[in-house]
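Descriptive analysis of the structure
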Amino acid sequence: METLRILLVEDDPTNRGFLAHVLEGLPASVHVADSVRAALSQARARAHDLWLFDARLPDGSAASLLQRLREMGLDTPALAHTAASDTSELEALRGAGFETVLRKPISATALRDAVRSTLSRGVHADATAHGSGSIPAIPRRERLLWDDVAALEALNHRRDHVVHLRGLFLDDLPGTAASLSRAWREDAFDRVVDGLHRLRAACAFVGAARLLDAVETWQRDPAQPVAREAFEQALRDTLDHAPVDREPA
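Described in the following lines is the structure provided in the data block.

Along an α-helix, residues three or four apart share an orientation, since each turn contains 3.6 residues. In this model helix H9 (residues 209–220) runs 17 Å from its N-terminal to its C-terminal C-alpha over 12 residues, within 8% of the 16 Å that 1.5 Å per residue would give. Burial in H9 covers these residues: Ala209, Leu211, Leu212, Asp213, Ala214, Val215, Glu216 and Trp218. Those residues of H9 that are buried lie in contact with helix H7 (159–185), helix H8 (189–206) and helix H10 (225–240).

Here is the structure:
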């Protein structure tokens, strides 16, 4: 496959780094944006072979972004990615015109296959409809604090990429945790769910297995104090034993 030009729109730095690394290996030249506004600027500046948009962005949504781009006369094939499991949200993305809807956490293989399938066939394909109803998730081992095997699998066994993304993840984690705690204290459970939604995919990409378990448990009942306490403990353990200065075993 010739070098592609892909516009990647994702506001979370860990998720963005993972997706960019995978796409660059296609090979592709990846242009990144972290908001609707930045994406519109990138799309106006140059032509792309493919767009890959996060469903939820700080200043809008993937659906509204795609609508504005279509109104500008651009017909580039578009994929969406989301951590949502709600059928209505997945249907809404398909209805908005996305060729493929990928559910996070996304494996490197599933992402590459979705891009190649979309560009080669030019037909609608729902990546959530493969096999059991979801794309292959990044494998993890629930008892581990940091799952190096899962992280390496996600990033094509590139240890340098794992170290880099874990650094981004750990830099962002304290701020994310503080926002979640603030939302919980204010009984803003919709904000808790939204923050956990983003954090879940990032944990999976870098192999933060124990924190991922805690995130998923808290997501199921955001008002539950026990679930929040379990998250806080997993968070402390994850930060206290951060493997930033070593490569995965």
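Another point: the pattern of salt bridges. Applying the stated criterion to the full structure yields 14 salt bridges. In this structure, Arg198 and Asp12 form a salt bridge, with 3.7 Å as the shortest nitrogen-oxygen distance. A residue pair is termed long-range when its members are at least 10 positions apart, and Arg198 in helix H8 and Asp12 in the loop between strand E1 (4–9) and helix H1 (13–24) qualify at 186 residues. Linking Glu216 and Arg200 is a salt bridge whose minimum nitrogen-to-oxygen distance equals 3.4 Å. Remark: Arg200 occurs in helix H8 and Glu216 occurs in helix H9; sequence separation between them is 16 residues. A residue is classified by how much of its surface remains accessible, and Arg200, at 16% relative accessible area, is buried. Within the structure, one salt-bridge network assembled from shared partners comprises Glu10, Asp54 and Lys104.

So, how was this worked out
- Residues numbered from 1 in each chain as written.
- Predicted model: local features only at pLDDT ≥ 70, side-chain atom pairs only at ≥ 80, totals over all residues.
- Heavy atoms only, no water.
- Helix = DSSP H or I, 4+ residues; strand = E, 2+ residues; numbered from the N terminus.
- Expected span 1.5 Å × (residues − 1).
- Buried < 20%, exposed > 50% of the residue type's maximum accessible area, 1.4 Å probe, protein only.
- Contact = heavy atoms within 4.5 Å.
- Salt bridge = Lys/Arg side-chain N within 4 Å of Asp/Glu carboxyl O.

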